[in-house]
Amino acid sequence: MDYKWINGKAGFNEAFKVRKAVFVEEQKVPEFLERDEFDDHAQHLLVYDNDIPIATGRLFNDGNHFKLGRICVLKPYRGMELGRSLMERLLEKAQGAGVERLYLDSQVSAIGFYRKFGFKEYGNTFDDAGIDHVPMVKICRPSYFSNL
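Residues numbered from 1 in each chain as written. Predicted model: local features only at pLDDT ≥ 70, side-chain atom pairs only at ≥ 80, totals over all residues. Heavy atoms only, no water.

(A) Geometry of the packing of aromatic side chains. Under the counting rule described, the total for this entry stands at six aromatic pairs. Ring centres of Phe 38 and Phe 60 lie 4.7 Å apart, and the angle between their planes is 25°; this geometry places the pair in the stacked category. You can see Phe 38 sitting in the loop between α2 (31-34) and β2 (43-49) and its partner Phe 60 sitting in strand β3 (residues 52-61), a full 22 residues away along the chain. Under the relative-accessibility criterion, Phe 38 is labelled buried at 17%. Centroid distance Tyr 114 to Phe 119: 6.3 Å. Interplanar angle 75°. Geometry classified as edge-to-face. These aromatic residues form a ring-pair network of at least three members: Phe 113, Tyr 114, Phe 117 and Phe 119. Lying over the aromatic face of Phe 60, Arg 58 brings its terminal NZ or CZ to 4.5 Å of the ring centre. (Phe/Tyr/Trp six-rings, centres within 6.5 Å; stacked < 30°, edge-to-face > 60°. Helix = DSSP H or I, 4+ residues; strand = E, 2+ residues; numbered from the N terminus. Buried < 20%, exposed > 50% of the residue type's maximum accessible area, 1.4 Å probe, protein only. Lys NZ or Arg CZ within 6 Å of the ring centre and 35° of its normal.)

Printed below as a string of structure tokens:
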């Protein structure tokens, strides 16, 4: 497996192929909801198997917080620890950039997966494209003020 970082629009079509297969085709999210304004400036991580994109995720700043999102693995490649490996690399990138708190909106069915990486739920469950989500946060690097 090969891993490749993509900045914004450069190479985004490859990431979108994976997202479209998982979110649009498999989970029935309307395609117009799958793309958003964050894609243009996000850091996208792609996983390839013999030059075929098979998994992706992104790291971006939404104007208020650093967030992870659109984390997915093509169905034939699930159960091979690719999600774990993808998350480890995304977290490494965020922590290397000095991010103190990292946020994500988890599908309710994936909460346990993100808990394994230190994310904790906060706030209420909400609907996003017909799928229940819950906001989660991870403290990556405690700030001086976090103990006050």
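(B) Up close: unusual backbone geometry. The backbone of Lys 28 shows a phi angle near 65°, a positive value even though the residue is not glycine. Tracing the sequence through the fold places Lys 28 in the loop between α1 (12-26) and α2. The exposed category is assigned to Lys 28, whose relative accessible area is 62%. Even without being a glycine, Ala 129 presents a positive backbone phi close to 55°. Position of Ala 129 relative to the elements: it lies in the loop between β7 (126-128) and β8 (131-139). Look at Ala 129 and you get partly exposed, because its relative accessible area is 27%.

(C) Broad picture of the nonpolar core. Core analysis: the biggest nonpolar cluster contains 32 residues, and Leu 68, Met 87, Leu 102 and Phe 119 have the highest contact counts within it. Looking at this core, the elements with two or more residues in it are α1, β2, β3, β4 (66-73), α3 (82-96), β5 (101-107), α4 (111-115) and β8. Looking at which element gives the most residues to this core, the answer is α3, with six residues. Excluding residues within four positions of it along the chain, Phe 119 makes contact with Leu 68, Met 87, Leu 91, Leu 102, Tyr 103, Leu 104, Tyr 114, Met 136, Val 137 and Lys 138. (Core = buried A, V, L, I, M, F, W, Y, C linked by side-chain atoms within 4.5 Å. Contact = heavy atoms within 4.5 Å.)

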